[in-house]
Amino acid sequence: MIKTLTLKLRIPYSIIYYTIIIIGILSISATNHPIHLSYTKIHIEDNHLKIVSKIYSHDFEYMEFSSFTDSSKQIQVFFTEMFNIRSDNHIIDLPLDSIRIQEGIHWLYFSTNIPQNSQEIQVHNAILCSVYEDQQNLIIISINNIEKGYILDCKNKKIHLTL
């Protein structure tokens, strides 16, 4: 007689949900994607803020970066006009740490500190809303390793969070 062993794994639904969304985002072709979507991960821990944002290289064609001599400075200016974080109603400066271009995708990396004693933050994300009226911006926010996901669009651009 052959005995079988059955394992039961308990995986939180949020991990499954985010995994499906991220796989879907990564599987979209960078040159011809039927939906307009950006992805941003915000990680906050001990008043330190890290941001990773994914934008398709194809979408950068609409931003006309060729007129600037320092394209990374132009990308930072553009990004902070379309995306900003406020702490207690003051905009937090988001210096661009690096840009990585991989398989038709621009990965933008930012990091900074949140002012001490901040009680709340407001995230404003209008990335590419001036280009695509159907733009959607997926944001995953991790505060002290607790994650929550949001989908913003060109009408609903803001998230308010208590720290």
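Preceding this section is the structure that the text describes.
Model, not experiment: these values are computed from the prediction.

Asker: Account for the overall build of the protein, naming residues and giving values.
Answerer: Tallying secondary structure elements over the protein gives three helices and 10 strands in all. Counting from the amino terminus, helix and strand elements in the protein follow one another as α-β-β-α-α-β-β-β-β-β-β-β-β. Burial statistics for the protein: of 163 residues in total, 42% are counted as buried. Counting only contacts in the protein whose residues sit at least 6 apart along the sequence, the fraction spanning at least 24 positions is 61%. Within the structure as shown, the protein displays about 10400 Å² of accessible surface, and the carbon and sulfur contribution to it stands at 53%.

Asker: How would you sum up the nonpolar core? Please name residues and give values.
Answerer: In terms of nonpolar packing, the biggest core is built from 29 residues, with Ile-42, Phe-83, Ile-85, Val-123 and Ile-141 touching the most fellow members. The biggest single contributor to this core is helix 3 (residues 71-82), with four residues. Setting aside anything within four residues of it in sequence, one finds Val-123 in contact with Ile-42, Phe-83, Asn-84, Ile-85, Ile-139, Ile-141, Lys-157, Lys-158 and Ile-159. Of all hydrophobic cores here, the second largest spans six residues; its members include Tyr-39, Ile-105, Leu-138 and Ile-140.

Asker: Which residues make up the sheet that holds strand 4 (residues 90-91), and what values go with them?
Answerer: An order of 4-3-7-10 is seen for the four strands of this open sheet, with the pairing classed as antiparallel. Both edges of this open sheet fall to strand 4 and strand 10 (158-162), since each of them pairs with a single strand only.

Asker: Tell me about the side chain of Ser-38, residues and numbers included.
Answerer: For Ser-38, the location among the structural elements is in strand 1 (residues 37-45). One polar contact links Ser-38 to Asn-137, side chain to side chain, over a distance of 2.4 Å. Setting aside chain neighbours within four positions, we find Ser-38 in contact with Lys-54, Ile-55, Ile-127, Gln-135, Gln-136, Asn-137 and Leu-138.

Asker: Tell me about the environment of Lys-73, residues and numbers included.
Answerer: For Lys-73, the location among the structural elements is in helix 3. Residues Lys-73 and Leu-96, 23 residues apart in the sequence, show an inter-C-alpha distance of 8.1 Å.

Asker: I'd like a rundown of the state of the cysteines, residues and numbers included.
Answerer: Covalent bonding between the sulfur atoms of two cysteines defines a disulfide. Per the counting criterion, the structure on display carries one disulfide. Sulfur-sulfur distance for the disulfide between Cys-129 and Cys-154 comes to 2.3 Å. Here Cys-129 and Cys-154 share a disulfide; its torsion about the S-S bond, -100°, makes the bridge left-handed. Here Cys-129 is found in the loop between strand 7 (120-125) and strand 8 (136-143), whereas its partner Cys-154 is found in the loop between strand 9 (146-153) and strand 10, with 25 residues between them in sequence. Comparing Cys-129 with Cys-154, the two get one shared label, buried.

Asker: Lay out the pairing of strand 6 (residues 105-113) in plain terms, naming residues and giving numbers.
Answerer: In this structure, strand 2 (residues 48-56) lies alongside strand 6, joined through nine bridges in antiparallel fashion. Note that in strand 6 the partner of Ser-53 across the bridge is Leu-108. By the bridge criterion, six bridges tie strand 5 (residues 96-102) to strand 6 in an arrangement that is antiparallel. Across the sheet, residue Arg-100 finds its bridge partner in strand 6, namely Trp-107.

What counts and how
- Residues numbered from 1 in each chain as written.
- Predicted model: local features only at pLDDT ≥ 70, side-chain atom pairs only at ≥ 80, totals over all residues.
- Heavy atoms only, no water.
- Helix = DSSP H or I, 4+ residues; strand = E, 2+ residues; numbered from the N terminus.
- Buried < 20%, exposed > 50% of the residue type's maximum accessible area, 1.4 Å probe, protein only.
- Contact = heavy atoms within 4.5 Å.
- Areas by Shrake-Rupley, 256 points an atom, 1.4 Å probe, with all protein chains shown as cover.
- Core = buried A, V, L, I, M, F, W, Y, C linked by side-chain atoms within 4.5 Å.
- Pairing = 2+ DSSP bridges.
- Polar contact = N/O pair within 3.5 Å; in protein donor to acceptor, adjacent residues only side chain to side chain.
- Disulfide = S-S within 2.5 Å.

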